[in-house]
Amino acid sequence: MNDRPNDRRGFLSGILAAGTAAAAFRQPVGAQAPAAGAFGFLPAYARAQTHKSLKQSSFDRTGGNSDRWPVAPGGVQEVFNATGPGVITHIWFTIAASSGDHLKELVLRGYWDGNDKPSVEVPIGDFFGLNLGSYQVYQSEYLACSPGRSLNCYFAMPYRQSARFTVTNEGKAEVGSLYSNIDYLTVPRLPDDSLYFHAQYRQSAPTTPLTGPTPRLNPDGAQNYVYMEAKGRGHLMGVTLGVLLNAGGWWGEGDDMIFVDDDSKPVIVGTGSEDYFLGSWNFGGRDGAVPFAHAMYGAPIIVNPERTGGRYCCYRWHGDNPVTFQSSLKHTMEHGHANDRGDNFYSAAYWYQTTPFTEFPPLPAAAARIPQVRTP
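How each quantity is defined
- Residues numbered from 1 in each chain as written.
- Predicted model: local features only at pLDDT ≥ 70, side-chain atom pairs only at ≥ 80, totals over all residues.
- Heavy atoms only, no water.
- Pairing = 2+ DSSP bridges.
- Helix = DSSP H or I, 4+ residues; strand = E, 2+ residues; numbered from the N terminus.
- Phe/Tyr/Trp six-rings, centres within 6.5 Å; stacked < 30°, edge-to-face > 60°.
- Buried < 20%, exposed > 50% of the residue type's maximum accessible area, 1.4 Å probe, protein only.
- Core = buried A, V, L, I, M, F, W, Y, C linked by side-chain atoms within 4.5 Å.
- Contact = heavy atoms within 4.5 Å.
- Polar contact = N/O pair within 3.5 Å; in protein donor to acceptor, adjacent residues only side chain to side chain.
- Salt bridge = Lys/Arg side-chain N within 4 Å of Asp/Glu carboxyl O.

1. Description of the sheet that holds strand β22 (residues 328-333)
Here is step 1 of the chain: The strand order β14-β22-β16-β17 describes an open sheet built from four strands, whose pairing is antiparallel. Single-partner strands in this sheet number two, and they are β14 (225-231) and β17 (268-269).
Here is step 2 of the chain: Pairing of β14 with β22 involves six bridges; the strand directions are antiparallel. Counterpart to methionine 228 in the pairing with β22 is histidine 331.

If you want it as structure tokens, here you go:
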């Protein structure tokens, strides 16, 4: 389902320039990483490396076969803790839980360089693109869900001093089995321009529909749905979005509007929600929509399209052209044309920035994160 060349090469080729090339090991066979002089014909994985490959997992420390962690209600399980410099290259989870809402109840948090505030704070399902709390097999450039309900992430996550990840059970039932494998590498040093990975959860359930004279206009995006806000320098890598319809009709007439270094007006304005997710024409419409999943964009879940209770999960990656910012970025989208619809939006946004944490809004309570149709 990867339908285009590996865009990670261009974005990540410099992240390990200090003598390691983790990203190069995931290039297509025959692809050549940048090399000096006359040796450009030789791919990076065929050359000597200076990093050390490691893994932290939930394996049974006794030598037995209980390679999992149970997580009690309210419990916090540390799944990763390492000192730097290093790079997390891959995260894999699979979960057995009695609660049917565990993808929304379990929260993944990540902390860089000893900070007590997280740079990653997202319900596990939303982090892996399953924003409505149900599993769906799909593959994209950075996230995937495989048969057997295994969750995979391939965002590179460099850290200078330390990295720590936890999973918190905010539900009312025990999670019987949390299986975890996190691959990482240690390096002699990181480039000075290495950035810290961030992921933030937002929801509006429901969004507030606006009414007014026709034609409705929205030049400033003041009432748009907000995916994320960040201060400092960095670049946006993309979003995942789950939409649960509270009324029939098409939800996606809203434009994407991205504010870069200026909160007064958007610098980037698109032509419709399905266009932002690189589909078109309502993804095929009420009777013709078909789920799809490609390397850089997709809508792997489309159920009961344009009907009350209809469900959509979408993603869009900007790895081919990350949206850069020098002082601030706010990524938004209209909910319907000029914000005229009141559906339920659940999203995760992913970006890199120079500082190892940023202020996040409070995470909604677990019960409020469970998708429910809210008819007028």
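From this point, things continue past the structure.
2. Digging into the packing of aromatic side chains
Here is step 1 of the chain: Scanning the model with the defined rule gives 30 aromatic pairs in all.
Here is step 2 of the chain: With a centroid separation of 6.2 Å and an interplanar angle of 5°, the aromatic rings of tryptophan 112 and tyrosine 159 are classed as stacked. You can see tryptophan 112 sitting in strand β5 (residues 106-112) and its partner tyrosine 159 sitting in strand β10 (residues 157-159), a full 47 residues away along the chain.
Here is step 3 of the chain: Judged by relative accessible area, which is 0%, tryptophan 112 ranks as buried.

3. A few points about the nonpolar core
Here is step 1 of the chain: Within the largest apolar cluster, 93 residues are counted, with the highest numbers of intra-cluster contacts made by Ile88, Phe127, Phe155, Trp251 and Phe283.
Here is step 2 of the chain: The greatest single-element share of this core, amounting to seven residues, is contributed by strand β23 (residues 344-353).
Here is step 3 of the chain: Not counting chain neighbours up to four residues away, the residues in contact with isoleucine 88 comprise Phe80, Trp112, Phe155, Ala156, Met157, Tyr159, Ala163, Phe165, Ile182, Asp183 and Tyr184.

4. Some words on the pairing of β23
Here is step 1 of the chain: Summarising burial for β23: ten of the ten residues are buried, a large majority.
Here is step 2 of the chain: Alternating residues of β23 divide into Asn344, Tyr346, Ala348, Tyr350 and Tyr352 and Phe345, Ser347, Ala349, Trp351 and Gln353, and every residue in both groups is buried.
Here is step 3 of the chain: The sheet contact formed by strand β13 (residues 196-204) and β23 spans nine bridges and is antiparallel. Within β23, the position partnered with histidine 198 by the bridge is tryptophan 351.
Here is step 4 of the chain: Here ten bridges tie strand β15 (residues 234-244) to β23, and the two strands are oriented antiparallel to one another. The residue of β23 that forms the bridge with threonine 240 is alanine 348.

5. Quick notes on the side chain of arginine 109
Here is step 1 of the chain: Within the element layout of this structure, arginine 109 appears in strand β5.
Here is step 2 of the chain: Within the structure, arginine 109 has its side chain in polar contact with the side chain of glutamate 121 (distance 2.8 Å).
Here is step 3 of the chain: Within polar-contact distance, the side chain of arginine 109 engages the side chain of threonine 168 at 3.3 Å.

6. Thoughts on the pattern of salt bridges
Here is step 1 of the chain: Scanning the entire structure with this criterion turns up 14 salt bridges.
Here is step 2 of the chain: Between glutamate 170 and arginine 109 there is a salt bridge; the shortest N-O distance is 3.3 Å. With glutamate 170 in the loop between β11 (162-169) and β12 (175-186) and arginine 109 in strand β5, this pair connects stretches of sequence that are 61 residues apart.
Here is step 3 of the chain: Here arginine 109 falls in the buried class, since its relative accessible area comes to 13%.
Here is step 4 of the chain: A salt bridge links aspartate 343 to arginine 341; the nearest nitrogen and oxygen atoms lie 2.6 Å apart. For the pair aspartate 343 and arginine 341, one class covers both residues: buried.

Purely geometric numbers; function is a separate question.
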